[in-house]
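Close look at the chain arrangement
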Amino acid sequence: MKTLFDKAASATLFERNSLPIPATSDGNRTYPLIAKPRFGSASRGIRIISSDKEFDEIAEHIADYLIQEYIAQREEYTVDCYIDAHGTPICTVPRKRLEVVGGEVSRTVTLRDDRIMELSRKVIERLHLRGAVTLQFLRDITTDRMLLMEINPRLGGGAVCSVHAGADLPSFILSEWAGMSLTPCDNWRDGTEISRYQQEVVFYNNPNDK
């Protein structure tokens, strides 16, 4: 968890295990670049860098960022996974991110894609992942590269889509905690889509209001 919550350390780990990721800058300024805060979340603080002037604006704090190639033409995918204590993948459910608001997915749909599922299994095996894990991939539309962006050692907000599709992630967690054996789930429904929305709640705090 300590490694995966640090984007720079994660990139080093992924490269060391021969997992495909966007090219990490080694000082070569081939624009555009993307600067991700090492300990950021929900896309906060991310900057797209297109010139030396923009690069120089963060140069003093460069150690606080992971600098990678920026892939403008892309599709983004999330994979909801559960791996038991023995390393057996119980489910790997890819979802396409259709709409994102503030770094959080607001529309997503399950997608039975063998390529993504096989790459997910490779990531799980090489990194010895366990429990509930969220994998984030992108596909470079121009080159058709499938690249690992990051791994969150937890469930993501859109994981309810996979639950509705038939991958009962809460049940896997509770059943394993209770000492029960788990059966791999591969009969989840392709094409299950959810849409999430904000809801306003109003509080009238003035005691004189009637």
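Structure: see above.
Residues numbered from 1 in each chain as written. Predicted model: local features only at pLDDT ≥ 70, side-chain atom pairs only at ≥ 80, totals over all residues. Heavy atoms only, no water.

A closer look at the sheet that holds strand β3 (residues 65–69)
Here 3 strands make up an open sheet; going across it, the order is β2-β1-β3 and the pairing antiparallel. With one partner strand each, in any of the chains shown, β2 (47–49) and β3 form the two edges of the open sheet. For this sheet, the mean angle separating the axes of adjacent strands, direction not counted, is 25 degrees. Alignment of strand β1 (residues 33–37) against β3, held across 5 bridges, turns out to be antiparallel. Within β3, the residue paired with A35 across the bridge is I67. The strands that helix α1 (residues 7–16) touches are β1 and β3; relative to β3, the one it contacts most, it runs at about 50 degrees. (Pairing = 2+ DSSP bridges. Helix = DSSP H or I, 4+ residues; strand = E, 2+ residues; numbered from the N terminus. Axes fitted to C-alpha atoms, helices over the stretch in contact; angles between N-to-C directions. Contact = heavy atoms within 4.5 Å.)

Focus: the nonpolar core
Side chains that are nonpolar tend, in soluble globular proteins, to be buried together. Judged by nonpolar contacts, the single largest core of 23 residues is most densely connected at F14, V123, L129, L135, F137 and I151. Listed by contribution, the elements that provide at least two residues to this core are α1, β4 (74–83), α3 (114–127), β7 (131–140) and β8 (145–152). Per-element tally for this core: the top contributor is α3, with 5 residues. Non-local contacts of I151, meaning those with residues more than four positions away in its chain, are made with L4, F14, V123, L127, L129, V133, T134 and L135. (Core = buried A, V, L, I, M, F, W, Y, C linked by side-chain atoms within 4.5 Å. Buried < 20%, exposed > 50% of the residue type's maximum accessible area, 1.4 Å probe, protein only.)

Here's the deal with the pattern of salt bridges
Enumeration over the complete set of coordinates arrives at 14 salt bridges. Close ionic contact of E57 with R47 constitutes a salt bridge, the shortest N to O distance being 2.6 Å. You can see E57 sitting in the loop between α2 (52–56) and β3 and its partner R47 sitting in strand β2, a full 10 residues away along the chain. Judged by its relative accessible area of 31%, R47 falls in the partly exposed class. Its salt-bridge partner being R121, residue E118 comes within 3.4 Å of it at the nearest N-O pair. Here E118 pairs with R121, and both are found in helix α3, just 3 residues apart, close to one helical turn. Residue E118 is classed as partly exposed on the basis of its relative accessible area, which comes to 43%. On the basis of relative accessibility, which here comes to 35%, the residue R121 falls in the partly exposed class. What emerges from the salt-bridge pattern is a single network uniting E75, K96, R115, R139 and D144. (Salt bridge = Lys/Arg side-chain N within 4 Å of Asp/Glu carboxyl O.)

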